[in-house]
Amino acid sequence: TSPVPDVVSALSAVFVNAPGEAMVKWKHANYARFYYLYTTVTPADASTWVLVAGTTKRKLLVTGLTPETRCYFRVISCGTSGVSLPSPIVNTIAG
């Protein structure tokens, strides 16, 4: 059995100059099979984090964000033996 996946590292969120969009990228986490990407505009409130998508990719163009708003992102890696702790939080202004 594989260990629980490592925490995602090198997470970044980038302004993409399109209304309500941001590009989020991260490095592969050992033992991860897929990733859950979450977003919020109030990171201190744990109840406001919303699942954007589950993906096997290591980058995702996030759409549907409120334009000209600072958005925060974090990723949880998932594997056959469970899920990691959340990644460090990153932020950018949605286009």
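Before going into details, it helps to say that this report is about the structure given with it. (Residues numbered from 1 in each chain as written. Predicted model: local features only at pLDDT ≥ 70, side-chain atom pairs only at ≥ 80, totals over all residues. Heavy atoms only, no water.)

With that settled, the discussion passes to the overall build of the chain. What the chain contains, in helices and strands, is zero helices and eight strands. What you see in the chain, going N to C, is helices and strands ordered as β-β-β-β-β-β-β-β. Since a compact globule built from 95 residues should have a radius of gyration of about 12 Å, the 13 Å found for the chain is in line with a globular shape. Principal-axis analysis of the C-alpha atoms gives the chain an extent of 45 × 25 × 20 Å. Within the chain, the proportion of its 95 residues that are buried is 39%. By sequence separation, contacts in the chain at least 24 residues apart represent 61% of the contacts at least 6 residues apart. Of the roughly 5,300 Å² of accessible surface on the chain, 54% is carried by carbon and sulfur atoms. One way to put it: in the chain the 8 positive side-chain charges average out to a point 12 Å from where the 4 negative ones average out. (Helix = DSSP H or I, 4+ residues; strand = E, 2+ residues; numbered from the N terminus. Rg over C-alpha atoms; globule rule 2.2 N^0.38 Å. Buried < 20%, exposed > 50% of the residue type's maximum accessible area, 1.4 Å probe, protein only. Contact = heavy atoms within 4.5 Å. Areas by Shrake-Rupley, 256 points an atom, 1.4 Å probe, with all protein chains shown as cover. Lys, Arg positive; Asp, Glu negative; His and termini not counted. Charge placed at Lys NZ, Arg CZ, Asp CG, Glu CD.)

Once that is clear, we can look at the sheet that holds strand E5 (residues 59–62). Spatially, E1-E2-E5 is the arrangement adopted by the three strands of the open sheet, whose pairing is antiparallel. Each having just a single partner strand, strand E1 (12–15) and E5 make up the two edges of the open sheet. Averaged over all adjacent pairs, the angle separating strand axes in this sheet is 20 degrees, with direction ignored. In this sheet, strand E2 (residues 22–25) lies alongside E1 in antiparallel orientation, the contact comprising four bridges. (Pairing = 2+ DSSP bridges. Axes fitted to C-alpha atoms, helices over the stretch in contact; angles between N-to-C directions.)

Next up on the list: the packing of aromatic side chains. Summed over all chains, the structure comprises two aromatic pairs. Ring geometry for Phe 34 against Tyr 36: centres 5.4 Å apart, planes inclined by 85 degrees, an arrangement best described as edge-to-face. Of the residues examined, Phe 34 reaches a relative accessible area of 30% and is grouped as partly exposed. We classify Tyr 36 as partly exposed; its relative accessible area is 28%. Sitting above the plane of the Trp 49 ring, Arg 74 keeps its charged end 4.2 Å from the centroid. (Phe/Tyr/Trp six-rings, centres within 6.5 Å; stacked < 30°, edge-to-face > 60°. Lys NZ or Arg CZ within 6 Å of the ring centre and 35° of its normal.)

Next up on the list: the pairing of E2. Side chains on a regular strand alternate between the two faces of the sheet. Taking the residues between adjacent antiparallel strands as the criterion, E1 and E2 are bridged by six residues, where Asn 17 takes a positive phi near 60 degrees. Across four bridges, E2 lies against E5 in antiparallel orientation. In the sheet register, Ala 22 faces E5, and the bridge partner there is Val 62.

Among the structural elements, Gly 82 can be located in strand E7 (residues 82–83). Given a relative accessible area of 25%, Gly 82 falls into the partly exposed group. Taking the C-alpha atoms as reference points, Gly 82 and Ala 32, separated by 50 residues in sequence, lie 9.2 Å from one another. Setting aside chain neighbours within four positions, we find Gly 82 in contact with Val 4, Pro 5 and Ser 77.

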